[in-house]
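So you can see what is in the structure, the chains are spelled out below.
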Amino acid sequence: MSIAVPPTDARDGLTKLRALEAEAIHVMREVAAELERPALLFSGGKDSIVLLRLAEKAFRPGRFPFPLMHVDTGHNFPEVIEFRDRRVAELGERLIVAKVQDTIDAGRVAEVGGPNGSRNQQQTQTLLDCIEENRFDACFGGARRDEERARAKERIMSFRDDFGGWDPKNQRPELWNLYNGRLRSGENVRVFPISNWTELDVWQYIAEEQLELPSIYFAHERDVVRRNGMLYAVSEFLQPRDGETVERLSVRYRTVGDLTITGAVESTATTLEDVVAEIAATRITERGETRADDRVSEAAMEDRKIQGYF
């Protein structure tokens with residue numbers, strides 16, 4: 001259940017952000033108190049960067065009562081991986097990297113080849129294997145309700161069965177910010193402390209806290225191709241097809257993901273203030289504009305979450 005917050009305007013926007021911050025810190029502390037082996041997913045993306053700051057406020061000066069985890073497809077933006085490793089080292093925390101390549105090598109999933117090959121579907125098995133191997137009973141993630149319609153159905157504490165699956169019809173009530181963390185053997189829970197935040201809230205919080213971000217979030221020149229209405233970065237994992245033209249454009253990214261499915265947006269926003277202004281003006285969700293995997297079907301995200309996706 002969302003906590004009541006005053007409307008956002010120039011005078012009380014900070015009040016709203018601090019109310020959202022307080023709710024998220026409360027969620028983190030509740031999970032750390034109720035559950036035995038949580039982990040925090042950290043991809044180097046903006047939402048997980050916000051989670052790191054919230055964890056600092058919740059638990060510093062002590063160490064986090066959980067490790068960080070990244071499900072690594074191997075098709076990454078180099079700038080993001082560099083940032084991920086450097087930020088973890090600065091915090092002095094432990095990072096577990098679960099690699100999709102290892103899952104493929106073990107025969108747990110098959111590599112998807114061809115012109116539309118992507119490892120995004122395969123990362124679900126990698127995530128489930130990492131949860132089982134480390135006996136995690138809770139995983140914090142940076143998902144928000146405004147990202148995609150399936151997310152809007154989900155609670156802050158999203159319970160998963162012993163196969164990692166999500167049942168949208170079987171969720172626990174969260175009245176008055178009270179959370180039930182009781183689990184049966186084999187179950188686990190995915191926890192979304194910033195579920196009630198919007199993309200604009202995230203960017204305003206980043207600006208207020210002056211958080212460092214990977215450079216791809218700001219406008220830069222990059223070689224891209226236009227494909228299915230999206231701009232994809234040319235890389236060793238994605239090459240132009242017959243009839244496609246490589247263009248050098250000023251772009252930035254609204255979300256971090258697998259290079260093969262994450263689209264850029266044309267932009268000249270080089271500062272946090274510029275990005276906040278762009279986000280405030282847009283009427284298209286970040287995943288709807290920049291994630292090809294969410295265009296597969298009307299229920300693409302929900303189908304993956306039922307299978308165990310985050």
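Here the structure is a predicted model, which is why all the values come from computation and not from measurement. Just so you know, the residues in each chain are numbered from 1, in the order the chain's sequence is written. Thresholds applied to this predicted model are a pLDDT of at least 70 for local features of residues and 80 or more for the giving and counting of side-chain atom pairs; totals over whole chains, interfaces and linings are not thresholded and use all residues. Each side-chain value is worked out from all heavy atoms of the structure, with water and hydrogens disregarded.

> Hey, could you go over the pattern of salt bridges for me, with residue numbers and the actual values?
Any Lys or Arg side-chain nitrogen found within 4 Å of a carboxyl oxygen on Asp or Glu counts as a salt bridge. This model, assessed by the stated rule, comprises 27 salt bridges. Of the charged contacts, one joins arginine 108 and aspartate 129 as a salt bridge, the two residues approaching to 2.7 Å between their closest N and O atoms. Taken together, the residues arginine 108 in the loop between α4 (100-105) and α5 (123-134) and aspartate 129 in helix α5 connect sequence positions 21 residues apart. Here the residues in one salt-bridge network are Arg18, Glu21, Arg53, Glu56, Lys57, Glu82, Arg86, Arg87, Glu90, Glu209 and Glu212, joined through shared partners. To qualify as a helix, a DSSP run of H or I must reach at least 4 residues; to qualify as a strand, a run of E must reach at least 2; elements of each kind are numbered from the N terminus.

> Talk me through the nonpolar core; I want residue IDs and the actual numbers.
Among the nonpolar cores identified, the biggest contains 59 residues, and Leu40, Val50, Leu54, Trp197 and Trp203 are the most heavily contacted of them. Looking at which element gives the most residues to this core, the answer is helix α2 (residues 46-59), with eight residues. Leucine 54 has contacts with Glu21, Ala24, Ile25, Met28, Ile194, Trp197 and Tyr205, leaving out every residue within four places of it along the chain. Of all hydrophobic cores here, the second largest spans eleven residues; its members include Ala39, Val71, Cys130 and Phe136. The definition of a nonpolar core used throughout is a set of buried Ala, Val, Leu, Ile, Met, Phe, Trp, Tyr and Cys residues joined through side-chain atoms within 4.5 Å. Relative accessibility under 20% of the residue-type maximum defines a buried residue, over 50% an exposed one, and the middle range a partly exposed one, all with a 1.4 Å probe and only protein chains included. Note on definitions: a residue-residue contact is assigned when non-hydrogen atoms from the two residues lie within 4.5 Å.

> Can you tell me about the sheet that holds strand β2 (residues 68-72), naming the residues and giving the values?
Note: strands within a sheet are paired through backbone hydrogen bonds, in either parallel or antiparallel orientation. For two strands to pair, DSSP has to find at least two bridges joining them. Spatially, β3-β2-β1-β4-β6-β5 is the arrangement adopted by the six strands of the open sheet, whose pairing is mixed. Among the strands making up the open sheet, the edge pair consists of β3 (95-99) and β5 (157-160). Each strand axis lies, on average, 30° off the axis of its neighbour in the sheet, ignoring direction. Pairing of strand β1 (residues 38-41) with β2 involves two bridges; the strand directions are parallel. Bridge pairing in β2 places leucine 40 opposite leucine 68. What counts as an axis is a line fitted to C-alpha atoms, over the stretch in contact for a helix, and the angles between N-to-C directions run from 0 to 180 degrees.

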